[in-house]
Each structure stands twice: as structure tokens, then as C-alpha cells.
Amino acid sequence: MRVLVVEDEAMLADAIAEWLREETHAVDVAYDGAAALERAAVNDYDVVVLDRDLPAVHGDEVCRELVEAGSAARVLMLTAAGEVTDRVAGLRLGADDYLTKPFAFAELAARVLALGRRSRPAVPPVLRRAGITLDPARREVFRDDRYVPLAKKEFAVLAELLRAEGAPVSAEHLLEKVWDEHADPFTGAVRLTVLRLRRKLADPPVVETVTGVGYRIP
Ligand code: CA
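Just so it is clear, the structure is predicted and the values come from calculations on it, not from any experiment.

**Comments concerning helix H2 (residues 33-42)**
Step number 1: Of all the positions in H2, only Gly33, Ala36 and Leu37 are classed as buried. For H2, the angular spread of buried residues about the axis comes to 95°, placing them on one side. With respect to the buried face of H2, the exposed residues turned more than 90 degrees away are Glu38 and Val42.
Step number 2: At the N-terminal end of H2, a side-chain oxygen is found 3.1 Å from the backbone nitrogen of Ala34, two or three residues along, and the residue is Asp32.

**Some points on the coordination of the calcium ion**
Step number 1: The calcium ion binds to the protein through Asp8 (OD), Asp51 (OD) and Asp53 (O); the donor distances cover 2.1 to 2.5 Å.
Step number 2: One chain supplies every donor for the calcium ion, spaced along it as D-x42-D-x1-D. Placement of Asp8 in the loop between strand E1 (2-6) and helix H1 (10-22) and of Asp51 in strand E3 (residues 47-51) is noted, with a sequence separation of 43 residues between them.

**Looking at the packing of aromatic side chains**
Step number 1: A full pass over the atoms with the stated rule returns 3 aromatic pairs.
Step number 2: Note on Trp19 and Phe105: the rings are 5.4 Å apart at their centroids and 35° apart in plane angle, and the pair reads as tilted. You can see Trp19 sitting in helix H1 and its partner Phe105 sitting in helix H5 (residues 105-117), a full 86 residues away along the chain.
Step number 3: Look at Phe142 and Tyr147: their rings are 5.6 Å apart centre to centre, the planes differ by 65°, and that puts the pair in the edge-to-face class.
Step number 4: For Phe142, a relative accessible area of 27% translates into the label partly exposed.
Step number 5: Through pairs of rings, three or more aromatic residues link up here, namely Trp19, Phe103 and Phe105.
Step number 6: It is Arg139 that lies over the ring of Phe155; its NZ or CZ is 4.9 Å from the centre.

**A word on the pairing of strand E4 (residues 74-79)**
Step number 1: Most of E4 is tucked away: 6 of the 6 residues are buried.
Step number 2: The side-chain alternation of E4 yields two buried faces, one formed by Arg74, Leu76 and Leu78 and the other by Val75, Met77 and Thr79.
Step number 3: With 5 bridges connecting them, E3 and E4 associate as parallel partners. Note that in E4 the partner of Asp51 across the bridge is Leu78.
Step number 4: Crossover E3 to E4 through helix H3 (residues 59-68) is right-handed.
Step number 5: With 4 bridges connecting them, E4 and strand E5 (residues 97-100) associate as parallel partners. Looking at E5, one finds that Leu76 is bridged to Asp97.

**Thoughts on the pattern of salt bridges**
Step number 1: Evaluated as defined, the whole model comprises 15 salt bridges.
Step number 2: Across the pair Asp28 and Arg2 runs a salt bridge whose closest N-O atoms are separated by 2.7 Å. With Asp28 in strand E2 (residues 26-30) and Arg2 in strand E1, this residue pair connects regions lying 26 residues apart in the sequence.
Step number 3: By relative accessible area, Asp28 is classed as buried at 14%.
Step number 4: Overall, the relative accessible area of 28% leaves Arg2 in the partly exposed class.
Step number 5: Between Lys101 and Glu7 there is a salt bridge whose closest N-O contact spans 2.9 Å. Residue Lys101 is found in the loop between E5 and H5, and its partner Glu7 is found in the loop between E1 and H1; the two are separated by 94 residues along the sequence.

**So, the layout of surface pockets**
Step number 1: Of the volumes computed, that of the second largest pocket is approximately 470 Å³.
Step number 2: What lines the second largest pocket is a set of 15 residues, and nearest its centre among them are Glu68, Pro136, Arg139, Phe155 and Ala156.
Step number 3: Secondary structure elements with two or more residues in the lining of the second largest pocket: H3, helix H6 (152-163) and helix H7 (171-178).
Step number 4: If one sorts the elements of the lining of the second largest pocket by residue count, H6 sits on top with 6 residues.
Step number 5: Here the residues of the lining of the second largest pocket are counted per class, giving 8 nonpolar, 1 polar and 6 charged.
Step number 6: No fewer than three residues from each of domain 1 (2-118) and domain 2 (127-216) sit in the lining of the second largest pocket.

About the thresholds
Residues numbered from 1 in each chain as written. Predicted model: local features only at pLDDT ≥ 70, side-chain atom pairs only at ≥ 80, totals over all residues. Heavy atoms only, no water. Buried < 20%, exposed > 50% of the residue type's maximum accessible area, 1.4 Å probe, protein only. Helix = DSSP H or I, 4+ residues; strand = E, 2+ residues; numbered from the N terminus. Arc of directions from axis to C-beta. Polar contact = N/O pair within 3.5 Å; in protein donor to acceptor, adjacent residues only side chain to side chain. Donors = N, O, S within 2.8 Å, 3.2 Å for Na, K, Ca; no water. Phe/Tyr/Trp six-rings, centres within 6.5 Å; stacked < 30°, edge-to-face > 60°. Lys NZ or Arg CZ within 6 Å of the ring centre and 35° of its normal. Pairing = 2+ DSSP bridges. Right-handed = clockwise from strand over helix to strand, strands pointing away. Salt bridge = Lys/Arg side-chain N within 4 Å of Asp/Glu carboxyl O. 1 Å grid on protein atoms, 1.4 Å probe; cavity = no way out; pocket = protein on both sides within 12 Å on 5 of 7 lines; lining within 4 Å. Points joined across faces, edges and corners; volume = space filled by probe spheres on them. Nonpolar A, V, L, I, M, F, W, Y, C, P; charged D, E, K, R; others polar. Domains from an automatic or database assignment.

Okay, here's the thing in C-alpha cells:
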């Protein structure tokens with residue numbers, strides 16, 4: 001198994017890494033959140049041991065970005081406080097398990113092993129329609145053979161339209177699925193995002209407006 005240890009206390013990080021190497025895992029160490037994200041972007045880790053209390057890029061942020069990037073790595077979060085709210089926050093952000101400091105190395109190793117054995121989530125299917133290919137796992141969009149760089153919201157709106165398989169999708173539905181509950185339905189956010197999406201997908205137009213109903217990709 002390939003494991004990434006993220007911990008800013010160098011002595012602890014190295015001790016965890018040593019212990020896991022004894023268990024025959026391939027182990028990399030990152031001493032801060034930014035370095036962790038860089039490594040995770042390059043390497044396919046089975047498990048990330050992630051200290052929650054990191055300087056600069058907080059452990060929660062690292063966890064969130066890993067999940068958003070579609071990383072298949074399981075996250076074991078290390079929390080110092082051991083407070084219920086901390087654990088819940090970590091799990092909500094996509095951590096798969098947590099361990100409260102101080103911990104026994106043997107327990108950490110056992111949990112890493114258990115996480116690594118867990119079946120991976122099913123890879124979301126690639127969506128194709130009207131010459132557009134959207135790969136949710138890789139977060140890539142192509143129109144025919146042209147790569148289309150999209151912002152997060154544009155990507156999410158396009159995914160919703162493709163999933164509808166030709167049926168119109170209302171602005172309300174898009175607001176609910178792509179924005180959060182704080183989104184103001186009167187800001188025109190959906191309209192603006194569709195406008196930008198159309199511009200990036202270029203001609204001939206693929207996203208139709210269905211008057212009074214919403215948008216669709218026929
Ligand atoms: Ca720390």
C-alpha cells in the first residue's frame with residue numbers, strides 16, 4: 001500500500017512513517033498541507049494519514065481538496081482535541097476515520113490497514129452527449145477533441161444538463177444541485193454561469209434555453 005503521512009511535527013511524522021514502513025507500506029511524508037496536496041496530485045495513495053491541526057493549509061482544507069479532486073485515497077484524520085465536534089467536522093469533509101492524539105502506533109497501523117482494504121467507491125460514469133464528453137472522476141470536459149477548461153460551477157451545471165439526457169433542467173434545480181442553500185435565487189447566478197459555459201463550449205451552440213422551463217442539451 002502507498003501511504004502519505006501529513007504531520008507538521010517532524011518527529012511524530014517520521015516516527016509514524018517508520019512504523020508504517022515496518023509494516024511494509026510505501027510511505028511518503030509531507031510536513032504541511034500544501035506539500036500534501038502537491039504529492040497527492042502526483043501520486044496515487046491508498047491511505048492519507050492527515051493531521052487536522054496543520055499550519056497554513058488546515059487539515060480540513062486538505063481533506064476537502066482531496067475529496068473535490070476525486071482522490072480515491074482513504075483519509076485517516078488525526079485530531080488533537082478529541083472533541084466530538086472536531087471528529088464530526090472531519091468526517092463531514094470526507095475523512096473516512098479518525099484517531100485521537102495521543103494514540104498507539106499499533107492502533108494507527110491497524111486502522112491504516114483496515115482503510116486500505118475497504119473497497120473503493122465506484123468511479124462515476126463518463127457522461128457523453130452532443131459531442132461533449134465529461135469525466136467526473138478526472139474533472140475533464142472535451143468538446144469533440146478540444147479540451148474545455150471549466151470553472152467548478154460551470155462544470156457542475158454541465159454535468160447536471162448531461163445527466164438529464166435531453167430533458168430540460170430548471171434554474172431552480174441547478175440552484176439546488178450546484179449552489180448551496182445560501183445562494184440567492186435572484187442573483188442571476190445560474191444565467192451567468194450558463195452564459196459562460198456556452199461561451200467556453202463555443203459554436204455550434206449546444207445548451208438550449210427552453211423558455212419558461214430552463215435549459216437543455218438536446
Ligand atoms: Ca499538528
